[in-house]
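# An overview of the molecular structure
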Amino acid sequence: MNKINETVQTDIDNSVLCWLATADISGVPNVSPKEIFSSYGDNRIIIADIASTNSVRNIRANPNVCVSFIDIFRQRGFKIVGKAVIIEKTEANFASAGARVLKMAGDDYPVRRIISIDIEKISPIWAPSYKLFPDRSEADRMQGAYDTYAVTPKPLVE
């Protein structure tokens, strides 16, 4: 799969962080969490560069990246492999490509650049419990995560 579908979008929306893996020109890896990210169309992931000096430097030298994100309560998510480009504030497409992450950042986070990842491959990530306990319902998995992390979910507001 190389397009964002409804399932992938749901996990993007339900993930608090993503992890961006880059490598420098010598192949030395760097993985760092990114708090503000979203999809852009069905073939791109956009990440706000707030404090991503190493990631940006690596992407300029080697555009091959991997982004992973999971919904920690459903214990599943996706790994996305692709090629990244840096969109500077001075570029014409900065505001349009970065619209979602700029809105998410608001006035609290200064977005220096946009990291735009052209998706080449999307693969699912599943917690080992999906194989170990295939008969568990999603509700049971979520309750187990709530218990593990001592979280009480908020009631849905209608």
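Now for a description of the structure that goes with this document.

Cut-off values and rules
- Residues numbered from 1 in each chain as written.
- Predicted model: local features only at pLDDT ≥ 70, side-chain atom pairs only at ≥ 80, totals over all residues.
- Heavy atoms only, no water.
- Helix = DSSP H or I, 4+ residues; strand = E, 2+ residues; numbered from the N terminus.
- Contact = heavy atoms within 4.5 Å.
- Salt bridge = Lys/Arg side-chain N within 4 Å of Asp/Glu carboxyl O.
- Buried < 20%, exposed > 50% of the residue type's maximum accessible area, 1.4 Å probe, protein only.
- Pairing = 2+ DSSP bridges.
- Arc of directions from axis to C-beta.

Here we take up the side chain of Ser123. Within the secondary structure, Ser123 sits in strand 7 (residues 113-126). The contact partners of Ser123, leaving out residues within four places of it in the chain, are Gly77, Phe78 and Lys79.

What follows concerns the pattern of salt bridges. This model, assessed by the stated rule, comprises 10 salt bridges. Arg74 is paired through a salt bridge with Asp11; the nearest N and O atoms lie 2.9 Å apart. Of the two residues, Arg74 sits in the loop between strand 5 (64-71) and strand 6 (76-88) while Asp11 sits in helix 1 (residues 6-14), which places them 63 residues apart along the sequence. Given the relative accessible area of 7%, Arg74 is considered buried. With a shortest N-O distance of 3.4 Å, Arg76 and Glu138 are connected by a salt bridge. With Arg76 in strand 6 and Glu138 in helix 6 (residues 138-148), this pair connects stretches of sequence that are 62 residues apart. Linked through salt bridges whose partners overlap, the residues forming this network are Asp11, Asp71, Arg74, Arg76 and Glu138.

Moving on, we come to the pairing of strand 1 (residues 18-23). The sheet contact formed by strand 1 and strand 2 (residues 29-34) spans six bridges and is antiparallel. Looking across to strand 2, one finds that Thr22 is bridged to Asn30. Linkage of strand 1 to strand 2, two consecutive antiparallel strands, is achieved through a turn of five residues, within which Gly27 is found at a positive phi near 90°. When strand 1 meets strand 5, the two strands line up antiparallel, connected through four bridges. Bridge pairing links Leu20 to Val67 in strand 5.

Quick look at helix 6 now. Those residues of helix 6 that fall on the buried side of the exposure criterion are Arg141, Ala145 and Tyr146. Axial view of helix 6: buried residues confined to an arc of 140°, hence all on one face. Residues Ala139 and Asp147 are exposed on helix 6 and point more than 90 degrees away from its buried face. Against the buried residues of helix 6 lie helix 5 (129-132). Just past helix 6, the residue Ala150 takes up positive phi, approximately 50°.

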